[in-house]
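Structure assessment
The primary structure of each chain is shown beneath.
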Amino acid sequence: MKIERRDFLKGLAGSAVLAMAPAASAIAASSGKTRLPDALGLLYDSTLCVGCQTCMVACKKANNMPIEYSGSQRLWDNPVDLSSKTLNIIKAYENGTPKVKDREIDGYAFIKRQCMHCVDPACVSACPASAMTKDAKTGIVSYNKDACIGCRYCQVACPFDIPKFEWDNPFPKIVKCQLCNHLLVNGQIPACASECPTGATLFGPVKDLLIEAERRQTMIPGKYYEFPVSEVSSAKKQVHKARNYISYIYGKNDGGGTQTLMLAGVPFNKLGLPMLPDRSYAAMAENIQHTLYKGMILPILAFGGLIYLVKRVEKNKKE
Amino acid sequence: MKTEQPLGGRILTPAFLICGLLFLISLIFIAKRFIYGLGAVSNLSDGYPWGLWIAFDVVIGTALGCGGYAMALLVYVFNKGEYHPLVRPALMTSLFGYTLAGVAVVIDVGRYWQLYNIFLPWHMNLNSVLLEVALCVGAYVAVLWIEFSPAFLTKFGGENAKAFMNKIMFVFIALGILLPTMHQSSLGTVMVVAGSKLNPLWWTPLLPLLFLMSCIFLGYAIVVFESSITGSRYPIADESHLLEKVSGVMAWLIAAYLVIRFADLIIRGHLGLAFRGDLLGNMFLLENNLLLIPMAFLFIPAYRKNARVMFFCAVSIVLAAVIYRFNTYIIGFDPGNGWHYFPSVGELFITLGIVSLEIMAFLYFIKRLPIYRRS
């Protein structure tokens, strides 16, 4: 018996169409999840940040996080990056002779990194055991160690490298910023926002934070404006000279949008943030999965077809 | 009619003992991992949370175990009953590849004592690609052992049980084709969510299609490779006429794969990255040339009769599919922020130990169980 090339190609073409369908739909289909109306978040304004790291101390206290040493002198908490011991960090950008703040060339700037609480979080989509969840009301992304199997797919998936793993613990867990939701239930606000002395980190409903961010985008550099401190609705305000904002609200659409929004005087890719398409990668992966596995219809049909094919061969064998 | 028979012979050969030693060494590192944590034996980090174990033991290990799937596909879907002699040896390799991938997962996951959570419906996240892979691979390991059970039952004389198994076997054969189609493609989808962290030479929404196609030609190549090796050492029936035809199939499948791979890169406008002369570009060229060259040889019928050429083609195809998976999971993956990864000694030894266990099981099975048809 000769291999029927035609048969083979027919089968191949069939399988290819089957497998192409999801890919095509992933490109064409819906753009993932949309913002929740009551979502809570942060607005970080790099131009107001003085790099004092008060938010880092406040974060460690509020979340009972251990001190992290770097370098040989074990004297004070000085993490070099986010880790399983550090949920929030202020980093600095420097270029040339760093003389002027918030300037890209021969300047410097600060950037705060913590969980972005994505509108369509990759970690939540990726987690096989539902250990990462997004609160249906506040949109806060939190972690449940009792569900987690420690596969670390959340780390692979997160475009911001936020979930951290306890590598030196035989019984490890994932660690990430949960927007101090243990404080929120007591009517308090996230520690980084409540302790920030300049209003660089502002807490509030995301829809109000977006309005505030838009307002700052229209400010004329060099003129004086009022800036709320700690909370976007706060009566406590400070007057600052508006800096030269780049015209971009990071997190408004990036990666499908985030609930941590950022303003800066230096382009965000220079500050170490990834440039992401407006559609989340989680939505693309889910579209592929859902096209193939919705209601398990395709697999069940395929299974039926295979049973028929196998029986046919077995029958031939007996004859 | 020829039937499968044990090949017989001594079990404790030098090769077997060396593998045994390597396996014992790996146990030391495995113990260390469970006592002190993953950081104590591995170079895994928050930037590279997945390394050698996931990329090699699981993703590549199961792909190398696709011989059984590829042969079953040929026999049952394309109705080529003549290939039946190739199925059982292929199935056995699949059995080990998949079972040990399961073992590797238990070593790799951080909270292994909660691993059963993925089987509890209230914990399942139906959006998770990895959930689909885990459930599918788990089910397939069970199916493989069932499909393989006639070999045991022949050996241990369970004739009634064997007759019963043969009656219901068609269900498991069908599942044995369905499940790998699902999870081998999903192993590609797994990296779709990595998005901007995966180099555009490898990131594409077509990842599931490319992973599926490549696991099939990899499966064929493994069957050719294994028959050549086993055939040169043990008195098994000559199957070269079958292998010759399988190779013709491989050439076409590889051609289709390469057309899709390159068309996708051209359409997305990233083909230029391949020719920049950097590590990633060169890895891409290596991966695809290792397919292009054997494909060219296999299209020429005269070469398909040449056992040596066939063997080298099979090796090249296996390497290509393996490198493709390394590229997608590790080399092309860049979390940014200056993270680097190269497997540690501990990681290498644990992987080596698992592979050794696989070889030991292979040697034992072909000598004691009816796997191959003797000449």
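Throughout what follows, the structure given in this document is the object of discussion. It should be emphasised that the depicted structure is a prediction, and the values quoted were computed from it without experimental measurement.

Attention now goes to the overall build of chain A. Within chain A, the regular secondary structure consists of 9 helices and 12 strands. Here chain A holds 319 residues, and the buried ones make up 45% of them. Sequence-distant contacts in chain A: of pairs separated by 6 or more residues, those separated by 24 or more amount to 61%.

So, on to the interface of chain A and chain B. Residue-level contacts link 64 residues of chain A with 66 residues of chain B. Only helix H1 (5-28), helix H3 (122-126), helix H4 (153-157), strand S7 (164-165), helix H8 (281-293) and helix H9 (297-318) of chain A provide two or more residues apiece to the side of chain A that touches chain B. Considering each element in turn, the side of chain A that touches chain B owes the most residues, 13 residues, to H9 of chain A. By residue class, the composition of the side of chain A that touches chain B is 44 nonpolar, 10 polar and 10 charged.

Glancing now at the pairing of strand S1 (residues 40-45) of chain A. Residue and element names in this part refer to chain A. Among the 6 residues that make up S1, 6 are buried, leaving the element largely enclosed by the rest of the structure. Burial along S1 is two-sided: Leu-40, Leu-42 and Tyr-44 facing one way and Gly-41, Leu-43 and Asp-45 facing the other are all buried. In this structure, S1 lies alongside strand S9 (residues 201-205), joined through 5 bridges in antiparallel fashion. Across the sheet, residue Leu-43 finds its bridge partner in S9, namely Leu-202. Taken together, the 4 bridges between S1 and strand S12 (residues 260-263) define a ladder with parallel strand orientation. In the sheet register, Asp-45 faces S12, and the bridge partner there is Leu-263.

Rules behind the numbers
- Residues numbered from 1 in each chain as written.
- Chains lettered and ligands numbered in written order.
- Predicted model: local features only at pLDDT ≥ 70, side-chain atom pairs only at ≥ 80, totals over all residues.
- Helix = DSSP H or I, 4+ residues; strand = E, 2+ residues; numbered from the N terminus.
- Buried ≥ 20, exposed ≤ 12 C-beta atoms within 10 Å, placed from the backbone.
- Contact = placed C-beta atoms within 7 Å.
- Nonpolar A, V, L, I, M, F, W, Y, C, P; charged D, E, K, R; others polar.
- Pairing = 2+ DSSP bridges.

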